[in-house]
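Summary of structural features
Here is how the chains run, residue by residue.
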Amino acid sequence: MGQFSLFLASFIFVVSPIWPLGENPLPGDPYVIVNKSNNTFAYIHDGEIEKIGRVATGKSRDLTPEGEFTIIVKAVDPYYRKKDIPGGDPDNPLGSRWIGFDAEDTDGRTYGLHGTNTPKAIGRFITAGCVRFYEDDIRWLYDHVPLGTKVLIVTTDKPFDKIAND
């Protein structure tokens, strides 16, 4: 009976609602928000907005998916598959960093946060679905977000602190 009681206690502890189950971010975890309404991003860590900047998003509203996603791939000097352009090539539109997330049940290689070789595109609605960053910003972000970080993409007029609190 002693082993059964231990098993039962362990089972209850694991399935208890106080146990951190699932994919939800915990308070203090890094978190990235992209607001398509004004093409801006915020990096939040330890409950504070640490960085805000400009980005580029989809040519049409439906191209950049909305929702909360998980970063599942990171790459330095990513290869551009569509046009067979190697990483590090100045013609590579992905820039120097790729941070891929799992939108629409993809593998992190379809949708991502990435740099750009065309900085004048930042702030515009111009992409095929990804979120483009200035090179300095994507390099900084790459160094601050581990795999598993959540990315929230929204279209709203709310400020970042309100979005984060919600």
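In case you missed it, the structure is sitting above this.
Residues numbered from 1 in each chain as written. Predicted model: local features only at pLDDT ≥ 70, side-chain atom pairs only at ≥ 80, totals over all residues. Heavy atoms only, no water.

Pairing between strand S4 (residues 67–76) and strand S9 (residues 150–154): 4 bridges, direction antiparallel. Each bridged residue has a counterpart across the sheet, and for Glu-68 the counterpart in S9 is Leu-152. Where S4 lies against strand S5 (residues 97–101), 5 bridges are found, and the strand directions are antiparallel. Bridge pairing in S5 links Lys-74 to Ile-99. (Pairing = 2+ DSSP bridges. Helix = DSSP H or I, 4+ residues; strand = E, 2+ residues; numbered from the N terminus.)

Take helix H2 (residues 135–144) next. Listed in full, the buried residues belonging to H2 are Asp-137, Ile-138, Leu-141 and Tyr-142. Buried residues in H2, looked at end-on, bunch into an arc of 135°, giving them a common side. Exposed and facing more than 90 degrees away from the buried side of H2 are Asp-136 and Asp-143. (Buried < 20%, exposed > 50% of the residue type's maximum accessible area, 1.4 Å probe, protein only. Arc of directions from axis to C-beta.)

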